[in-house]
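Breakdown of the fold
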Amino acid sequence: MIPLTALPPSGGTQTPARMRQAAQAFEAQVLGQLMQPAFDTVDSSKSAFGGGPAEAQWRPMLVEAFATHAARSGQGIGLQDMVLRHMLRLQEAARHPTPTPDEETRP
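Residues numbered from 1 in each chain as written. Predicted model: local features only at pLDDT ≥ 70, side-chain atom pairs only at ≥ 80, totals over all residues. Heavy atoms only, no water.

Here's the deal with the side chain of arginine 59
Short version of the rule: What counts as a helix is a DSSP run of H or I of at least four residues, what counts as a strand is a run of E of at least two, and both are numbered from the N terminus. Any pair of residues with heavy atoms lying within 4.5 Å of one another is described as a contacting pair.
Turning to its location among the elements, arginine 59 is positioned in helix α2 (residues 53-73). Excluding residues that lie within four positions of it along the chain, arginine 59 makes contacts with Phe39, Asp40, Val42 and Ser44.

Quick look at the structure:
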């Protein structure tokens, strides 16, 4: 799992680079969750390391490394681009709030 210190602090205006990092971390986390069931079905007793409880203990870290690499290299599922666009829209809306119809008609 991505440490919370790697994510930008909440509130205030964030730079696009920090927002991209957060979106990338989110995609890596989602990819890891999607990939985990596939790795759970692998018969590790026939692997090069012989399987066993020790190998099973390290498997989640391997899945996380694969997911992080896929997200960083742009080979993920495209989630980070959608999340980043949405984050930028939300930030822009917070900077320039549009008045509601009630606020427009008030004297």
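From this point, things continue past the structure.
Focus on the confidence of the model for the protein chain
Convention followed: The score called pLDDT rates the predictor's confidence residue by residue, from a low of 0 to a high of 100.
Averaged over the protein chain, the pLDDT score is 82; the fraction of residues at 70 or greater is 81%. Confidence, read as mean pLDDT per element, is least for helix α4 (residues 101-105) in the protein chain (64) and greatest for helix α1 (residues 16-40) (92).

A few points about α2
To be explicit about the condition: Take the number of residues in a helix, subtract one, and multiply by 1.5 Å to get its expected span. What we call the bend at a residue is the angle made by axes fitted to the seven residues finishing there and the seven residues starting there. Exposure is judged per residue with a 1.4 Å probe applied to protein chains only, and the accessible area is read against the type maximum: over 50% gives exposed, under 20% gives buried, and values in between give partly exposed.
If you check α2, its first and last C-alpha atoms are 31 Å apart, about what 21 residues at 1.5 Å a residue would give, namely 30 Å. At arginine 59, α2 shows its maximal kink, close to 35 degrees; a proline, proline 60, follows between one and four residues later. Within α2, burial applies to Arg59, Val63, Ala67, Thr68, Ala70 and Ala71. For α2, the elements touching its buried residues are α1 and α3 (79-95). Of the residues flanking the end of α2, it is glycine 74, one or two places downstream, whose phi is positive at about 85 degrees.

Description of the nonpolar core
Let me state the cut-off plainly: We define a nonpolar core as any set of buried Ala, Val, Leu, Ile, Met, Phe, Trp, Tyr and Cys residues linked to one another through side-chain atoms lying within 4.5 Å.
The biggest cluster of nonpolar side chains holds five residues, and these are Ala28, Leu31, Ala67, Ala70 and Ala71. The set of elements that each furnish at least two residues to this core consists of α1 and α2. The leading source of residues in this core is α2, at three residues.

What to know about the pattern of salt bridges
How we decide: Salt bridges are identified by distance alone: a Lys or Arg side-chain nitrogen within 4 Å of an Asp or Glu carboxyl oxygen.
Throughout the structure, instances matching the rule amount to two salt bridges. A salt bridge links aspartate 81 to arginine 20, with the nearest nitrogen and oxygen atoms 3.6 Å apart. Remark: arginine 20 occurs in helix α1 and aspartate 81 occurs in helix α3; sequence separation between them is 61 residues. On the basis of relative accessibility, which here comes to 38%, the residue aspartate 81 falls in the partly exposed class. A salt bridge links arginine 95 to glutamate 92; its shortest N-O distance comes to 3.4 Å. Of this pair, arginine 95 and glutamate 92 are both found in helix α3, three residues apart, which corresponds to roughly one turn of the helix. Residue class for arginine 95 comes out partly exposed when judged on its relative accessible area of 44%. The class of glutamate 92 is partly exposed, set by a relative accessible area of 37%.

Here's the deal with the packing of α1 against α2
Note the cut-off: Orientation is described by lines fitted to C-alpha atoms, with helices fitted over the stretch in contact, and by angles between N-to-C directions that extend from 0 to 180 degrees. Here the angle decides the label: under 35 degrees means roughly parallel, over 145 means roughly antiparallel, 65 to 115 means roughly perpendicular, and every other value means oblique. Here a crossing is taken to be left-handed if its near helix is turned anticlockwise relative to the far helix by less than a right angle, and right-handed if that turn runs clockwise. Polar here means any residue other than Ala, Val, Leu, Ile, Met, Phe, Trp, Tyr, Cys and Pro, which are nonpolar, and Asp, Glu, Lys and Arg, which are charged; Gly is therefore polar.
Interhelical geometry of α1 versus α2 gives an angle of 135 degrees and a closest axis separation of 8 Å. Between α1 and α2, the interaxial angle falls into the category oblique. Relative to α2, α1 is oriented so that their crossing is right-handed. Here Gln24, Glu27, Ala28, Leu31, Gly32, Met35, Gln36, Phe39 and Asp40 of α1 lie close against α2, whose contacting residues are Arg59, Pro60, Leu62, Val63, Phe66, Ala67, Thr68, Ala70, Ala71 and Arg72. When the residues that make up the contact of α1 with α2 are grouped by side-chain class, the tally is eleven nonpolar, four polar and four charged.

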